[in-house]
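Chain residues, written in single-letter form:
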Amino acid sequence: MSFVVSASQTTKVPVATSPKRHFGDVAFKYTTTIFAGFVLLLVLLMGFEMYMQAKPTIEKFGWSFLTRTVWDPVQEEYGALPFVFGTLFSSLIALVIALPLSIGIAIFLSEMAPRWLEPPLSFLIELLAGIPSIVYGLWGIFVLVPWIRISLEPLLSRHLDFIPLFRGAPYGYGMLAAGLILSIMVLPIVTSISRDVLKAIPQTQREASLALGATKWESVKLILGDAKSGIFGAVLLGLGRAIGETMAVTMVIGNTPSISISLFDPGYTMASVLANEFTEATTAMYLSALIEIAFLLFGITIIINMLARLLVWSVTKK
Amino acid sequence: MQTELLEQPNTPTILPIETLQVMPMIKMSARNVDAFFGKAQVLHNISLDVPANKVLAIIGPSGCGKSTLVRCLNRMHEVAGGTMAGLVLLDDRDIYKEDAVRIRKRIGMVFQKPNPFPTMSIFDNVAVGLKLNGLATRRNIGEVVERSLKQAALWDEVKDALNKSGVSLSGGQQQRLCIARTLAVSPEVILMDEPASALDPIATAKIEELIHDLKKKYTIVIVTHNMQQAARVSDLTAFLYMGKLIEYDETKKIFTNPSIKQTEDYITGRFG
Ligand SMILES: Nc1ncnc2c1ncn2[C@@H]1O[C@H](COP(=O)(O)OP(=O)(O)OP(=O)(O)O)[C@@H](O)[C@H]1O
Ligand SMILES: [Mg+2]
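Residues numbered from 1 in each chain as written. Chains lettered and ligands numbered in written order. Predicted model: local features only at pLDDT ≥ 70, side-chain atom pairs only at ≥ 80, totals over all residues. Heavy atoms only, no water.

**A closer look at the pairing of strand S3 (residues 55-59) of chain B**
All names here are of chain B.
Logical step 1: Across the five residues of S3, five count as buried, placing the element largely inside the fold.
Logical step 2: Burial along S3 is two-sided: Val-55, Ala-57 and Ile-59 and Leu-56 and Ile-58, pointing in opposite directions, are all buried.
Logical step 3: For S3 and strand S8 (residues 219-223), the ladder comprises four bridges, and the chain directions are parallel. Looking at S8, one finds that Ile-58 is bridged to Val-223.
Logical step 4: Two elements, S3 and strand S9 (residues 236-241), share four bridges in a ladder whose sense is parallel. Looking at S9, one finds that Leu-56 is bridged to Leu-236. (Buried < 20%, exposed > 50% of the residue type's maximum accessible area, 1.4 Å probe, protein only. Helix = DSSP H or I, 4+ residues; strand = E, 2+ residues; numbered from the N terminus. Pairing = 2+ DSSP bridges.)

**As for the sheet that holds strand S4 (residues 83-90) of chain B**
Residues and elements named next belong to chain B.
Logical step 1: Strand order in the open sheet made by the four strands is S2-S1-S4-S5, with antiparallel pairing throughout. One side of each edge strand has no neighbouring strand; the edge strands of this open sheet are strand S2 (40-51) and strand S5 (93-94).
Logical step 2: Across two bridges, the pairing between S4 and S5 is antiparallel. Bridge assignment links Leu-89 to a residue of S5, and that residue is Asp-94.
Logical step 3: Contacts from helix H2 (residues 66-73) reach strand S1 (26-37), S2 and S4, with the element oriented near 60° to S2. (Contact = heavy atoms within 4.5 Å. Axes fitted to C-alpha atoms, helices over the stretch in contact; angles between N-to-C directions.)

**Examining the side chain of Ser-122 of chain A**
Logical step 1: Relative to the helices and strands, Ser-122 of chain A is located in helix H5 (residues 118-130).
Logical step 2: Those residues in contact with Ser-122 of chain A that lie beyond four places of it in its chain are Leu-109 and Arg-195 of chain A.

**Some remarks on the nonpolar core**
Logical step 1: Counting 75 residues, the largest nonpolar core has Trp-71, Tyr-78, Leu-176 and Ile-293 of chain A as its most contacted members.
Logical step 2: Those elements that provide at least two residues to this core are helix H4 (81-112), helix H6 (133-160), helix H7 (175-200), helix H9 (216-244), helix H10 (247-252), helix H11 (270-277) and helix H12 (284-316) of chain A.
Logical step 3: With 43 residues, the next largest nonpolar core counts Ile-122, Val-145, Met-227 and Ile-267 of chain B among its residues. (Core = buried A, V, L, I, M, F, W, Y, C linked by side-chain atoms within 4.5 Å.)

**A closer look at the site of ligand 1**
Residue and element names in this part refer to chain B.
Logical step 1: By nearness alone, every residue bordering ligand 1 is listed as Phe-37, Val-42, Ser-62, Gly-63, Cys-64, Gly-65, Lys-66, Ser-67, Thr-68, Glu-194 and His-225.
Logical step 2: Contacts to ligand 1 include Gly-63, whose backbone N or O atom sits 2.8 Å from an oxygen atom.
Logical step 3: For ligand 1, the accessible surface in isolation is 630 Å², of which the surrounding protein chains cover 58%.
Logical step 4: For the shell around ligand 1, the element with the highest residue contribution is H2, accounting for three residues.
Logical step 5: Looking at side-chain class alone, the shell around ligand 1 contains three nonpolar, six polar and two charged residues. (Near = heavy atom within 4 Å. Polar contact = N/O pair within 3.5 Å; in protein donor to acceptor, adjacent residues only side chain to side chain. Areas by Shrake-Rupley, 256 points an atom, 1.4 Å probe, with all protein chains shown as cover. Nonpolar A, V, L, I, M, F, W, Y, C, P; charged D, E, K, R; others polar.)

**Let's talk about the pattern of salt bridges**
Note on pairing: side chains with opposite charge can pair once their charged atoms come close.
Logical step 1: Following the criterion strictly, the structure yields 26 salt bridges over all chains and no others.
Logical step 2: For Arg-71 of chain B, the salt bridge identified is with Glu-207 of chain A, shortest N-O distance 2.7 Å. Placement of the pair is Arg-71 of chain B in helix H2 and Glu-207 of chain A in helix H8 (residues 203-211), with the two residues belonging to separate chains.
Logical step 3: Taking the relative accessible area as the measure of exposure, Arg-71 of chain B reaches 12% and is therefore buried.
Logical step 4: A salt bridge links Lys-97 of chain B to Asp-94 of chain B; the nearest nitrogen and oxygen atoms lie 3.4 Å apart.
Logical step 5: Exposure remark for Lys-97 of chain B: the relative accessible area of 68% places this residue in the exposed category.
Logical step 6: Given the relative accessible area of 11%, Asp-94 of chain B is considered buried.
Logical step 7: Where salt bridges share partners, they join Lys-27, Asp-91, Arg-106 and Glu-188 of chain B into one cluster. (Salt bridge = Lys/Arg side-chain N within 4 Å of Asp/Glu carboxyl O.)

**Some words on the packing of aromatic side chains**
All names here are of chain A.
Logical step 1: Counted under the stated rule, the structure contains ten aromatic pairs over all chains.
Logical step 2: Taking the centre distance of 4.8 Å and the plane angle of 80° together, the rings of Trp-71 and Phe-83 count as edge-to-face. Here Trp-71 is found in strand S1 (residues 71-72), whereas its partner Phe-83 is found in helix H4, with twelve residues between them in sequence. Comparing Trp-71 with Phe-83, the two get one shared label, buried.
Logical step 3: Taking 6.3 Å as the distance between ring centres and 65° as the angle between the ring planes, the aromatic pair formed by Trp-71 and Tyr-286 counts as edge-to-face. Of the two residues, Trp-71 is situated in strand S1 and Tyr-286 in helix H12; the sequence distance between them amounts to 215 residues.
Logical step 4: Judged by relative accessible area, Trp-71 falls into the buried class, the value being 13%.
Logical step 5: Of the residues examined, Tyr-286 reaches a relative accessible area of 7% and is grouped as buried.
Logical step 6: Counting every residue linked through ring pairs, the aromatic cluster contains Trp-71, Tyr-78, Phe-83, Tyr-268 and Tyr-286.
Logical step 7: Lying across the ring of Tyr-30, Lys-29 places its NZ or CZ 5.6 Å from the centre. (Phe/Tyr/Trp six-rings, centres within 6.5 Å; stacked < 30°, edge-to-face > 60°. Lys NZ or Arg CZ within 6 Å of the ring centre and 35° of its normal.)

See below:
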C-alpha cells in the first residue's frame, strides 16, 4: 500500500515541474484535433451514405455483384466484374510501363544528376502532374489512339502475336491506349515520391557502401534496398492515382464492358462507367448498382492510399 | 619511387625517423596535400608519413580539417564534392592515379556515427563488403563473418542473433559492427574518424582495446577529439590547426614535450 502511495508521489513530480500550459496551446490543440476528426468523420459519412444508397443491389445480388459479368439495365441485371477488371488491368499496364521509367528517373535525380540539373528536371516532371486530365484525353484521342491503331498495334501483332496480350484487331481505342495514357499520368507521382524516398536515405549510407569499395552502381543497389518499402509505397500511390483516374481513360478505353486479355480490345473501368452512365440511371436499381460501384472504388482507393502512405512514412520519417 | 620523392625540393622528411627505434616501413604518405571545397581551401600543404602497423592519431580543434585529411587518404573527399592537389601514396603508389573503388577496398573507413545498413541483418552487414568485392564464395563467407566479428570483439554478443537487424544493436555494438564490416574485406589501412565520439566510456574502452589489437595486422589512422584517447591508443600524433599541420611526432613526445607552442597550448587545453 505504501508502495502505491510513493508511486503516485513520484508520478506527480514531472507534472509539477512541467512548464505552465498556456491557454492558447490548449485551444490550438483542441481546435486542430476537431478539424482532423472532422475529415475522418466526413470520410466515414461518405462511406456510410454510399452504402445506404447501394442497399437495393447489395441486398439483391450480395457478393455475386463482384463476380457477375452482365451489365444490362433493361433486364435490371448488374455485375461489376468487367469494370473491376478494366480498372485493375488498365492500372496494371500503366504501372508496368511507368515503373521502370519512374524509378530510373528517380535514381538519376537523386543519385546521379549534377546538383544544378536536379531542380529544373524535377520541376518539369511535376509539371506533368499538373496537366488537366481532359487535356491528356484529347491528346489521347487525336494523337495517341491513331498512332496506336496505325503503327503500334500492327507492329505488336506482327511480331508478338504468339502472346495472347497482343492478339486482335487494331482499334486504337482500348486497354493499350488507356494503359499508356495512365502510365504518363502516374509517372510524375511515382517519380517524385521515389526521389523523395531516395533522398531521405542519409548520405552516410552512401558513404558506408562507397568506403567498402562499392562501385556507384553497387552503392545505388544498396540504397534501393534501404528504400524499397518506400518505393513500393510510391508505386501504390501511383496505383491509387491510376485506379481513380476518370476523364482521360473514359476518352480512350472504348467503354465496352467486356473482359479480354488482349490489350487491343476495348474495356471499361469503374470510374468511366460512373461518369458515362450516371445521368442515364433512371431506375432505383440502376442507380443503386452505380453507387455500389462507386462504393467499391472508394474502398479500394482508400485502402491502397493508406497502405502507400504508411510505407512511404516508414522510410522518410526517420 | 620513395627516394625520387625525397629529392623533390620542398618535400620535408616529415616522419621523425631517428626517434623510432627501427626503421619503419612507410605504408601511406601525404605529400603537399591541399584540399578544397569549391573555392575554400581547407587543407594547406600537408605532408606526413604513416608507418605500417602503427596507429597515427590526428588531433586538432573542430573544423581544422581532420576529417577532410583522412577522407583525402581514401578518396572519399571527392565523394563529398571536394577537390585536392598533391600526392597521396599507398605503398609508394599514387592512389589518385588508380581506380578509386580498388583503393577504397584497400583502405577501409569507420565513420563517426555508426552507419550499419538498416535493412540488413548483422550477418549481411558484415558480409556485404565481401559480396560487393566478389571475394565471396558460399563456403568462406560464414568463416570471414565470424572471424571479423571476433576481431571486432562483437562475436560473443551477437553470435546467437546473426539474423537480427543491424540497427537493433546498441550504439557501441553498431560501431563495432561497422568495424567488423570494414575488417571483413581485409583492408591494409583503416581510417577511423572519431569512432568513439558517440559512445559511452565502456564502449569507448572496448574500441580502444580493439585498436591495440588491430595494429598488429593493420595500419591505423584515427581522428579524435579526446586527448587521453590519442595518448592511449596512438604511436604517432599529428596536430592540425586551421588546415595546417603544426606538429607531427611520436605521441609520447607530443604529449610530454611538444616543440611548438601552439601544440602545447592545445594539449593543455588553453584553446580549441
Ligand atoms: N561538405 C563540405 N562542403 C563545404 N565545406 C566543408 C564541407 N565539409 C567540411 N567543410 C569545411 O571544411 C573545414 C574542415 O572540415 P572538417 O570536417 O575536415 O573538420 P574537422 O577537423 O573534421 O572538424 P570536426 O572535429 O568538427 O569534425 C571546415 O571549415 C568545414 O566548414
Ligand atoms: Mg570531423
